Amino acid sequence: TSTMASKIITPFAGPLTPTAIEAWLGHCEDGFAIYASTKTDKAPDLSIETKIRLAGSNMQELTMAAWWNAGHVDFLKLTSWESFEKQIRSRFMPKGYKMVALRTFFLCAQNQQPFLEYAATLADARNALGPTIITSNIYKYQLLFHSH
């Protein structure tokens with residue numbers, strides 16, 4: 001399974017930050033979509049259990065790996081990939097992380113920072129929220145109107 005898993009999704013080695021976790025969950029979804037669109041007719045579809053098992057077996061960060069090992073029997077009974085993502089977020093995302101990221105995003109201004117530092121801080125705050133909270137237009141407006 002680890003050879004197959006490494007071809008479908010990348011291992012998560014950390015850090016346990018909202019940005020890194022959201023990025024890895026996005027990589028998992030991309031990997032599942034690529035597998036589905038490129039598999040041969042004889043290759044099996046990925047069941048929900050298989051997707052969860054692939055993700056769990058690629059949790060290399062020690063705290064996350066221990067969490068997977070302790071709960072994998074129950075996780076494999078979940079009825080959707082989204083349910084597993086929710087479990088990951090509720091366990092590893094800090095309480096109120098979305099509000100903190102939104103506050104960071106909307107209060108972010110270049111001030112005396114070099115532009116690339118400002119843009120990286122803004123991107124991190126946006127990425128911590130996942131792909132749908134802050135649209136690309138809102139991101140561009142914030143970047144434009146708060147730089148100097």
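Residues numbered from 1 in each chain as written. Predicted model: local features only at pLDDT ≥ 70, side-chain atom pairs only at ≥ 80, totals over all residues. Heavy atoms only, no water.

1. What about the overall build of the protein chain?
For the protein chain, the count of helices and strands is 8 helices and 0 strands. Reading the helices (α) and strands (β) of the protein chain from amino to carboxyl end gives α-α-α-α-α-α-α-α. Sequence separation of at least 24 residues holds for 64% of the intrachain contacts in the protein chain that already meet a minimum separation of 6. Side chains of the protein chain give 14 positive and 12 negative charges; the mean places of these two sets differ by 3 Å. (Helix = DSSP H or I, 4+ residues; strand = E, 2+ residues; numbered from the N terminus. Contact = heavy atoms within 4.5 Å. Lys, Arg positive; Asp, Glu negative; His and termini not counted. Charge placed at Lys NZ, Arg CZ, Asp CG, Glu CD.)

2. Observations regarding the packing of helix α2 (residues 18-38) against helix α5 (residues 81-92)
Running from N to C, α2 and α5 point in directions that differ by 165 degrees, and their axes come no closer than 11 Å. Between α2 and α5, the crossing angle belongs to the class labelled roughly antiparallel. Where α2 crosses over α5, the two elements pack in a sense that is right-handed. Here Ile21, Glu22, Trp24, Leu25, Cys28, Glu29 and Phe32 of α2 lie close against α5, whose contacting residues are Trp81, Glu85, Ile88, Arg89 and Phe92. Partitioning the contact of α2 with α5 into residue classes produces 8 nonpolar, no polar and 4 charged. (Axes fitted to C-alpha atoms, helices over the stretch in contact; angles between N-to-C directions. Parallel < 35°, antiparallel > 145°, perpendicular 65-115°, else oblique. Left-handed = near helix turned anticlockwise from the far one by under 90°. Nonpolar A, V, L, I, M, F, W, Y, C, P; charged D, E, K, R; others polar.)

3. Observations regarding a nonpolar patch on the surface
Together, Phe106, Ile138, Tyr141, Leu144 and Phe145 line one region of the surface with nonpolar side chains, adding up to about 550 Å² of accessible area. You can see leucine 144 is positioned in helix α8 (residues 136-145). (Patch = residues over 30% accessible without salt bridge, like charges linked within 9 Å, V, L, I, M, F, W, Y side chains within 5 Å. Areas by Shrake-Rupley, 256 points an atom, 1.4 Å probe, with all protein chains shown as cover. Salt bridge = Lys/Arg side-chain N within 4 Å of Asp/Glu carboxyl O.)

4. With respect to the packing of aromatic side chains
Within this structure, the stated rule accounts for 12 aromatic pairs. Ring geometry for phenylalanine 12 and tryptophan 24: centres 5.5 Å apart, planes at 55 degrees, overall tilted. Residue phenylalanine 12 is located in the loop between α1 (2-8) and α2, and its partner tryptophan 24 is located in helix α2; the two are separated by 12 residues in the primary sequence. For the pair phenylalanine 12 and tryptophan 24, one class covers both residues: buried. Judged by centre distance (6.1 Å) and plane angle (25 degrees), the rings of tryptophan 67 and phenylalanine 84 are stacked. Linking tryptophan 67 in helix α4 (residues 62-75) with phenylalanine 84 in helix α5, this pair joins segments that are 17 residues apart in sequence. Note on tryptophan 67: relative accessible area 15%, which makes it buried. In this structure phenylalanine 84 comes out as buried when scored by relative accessible area, which is 0%. (Phe/Tyr/Trp six-rings, centres within 6.5 Å; stacked < 30°, edge-to-face > 60°. Buried < 20%, exposed > 50% of the residue type's maximum accessible area, 1.4 Å probe, protein only.)

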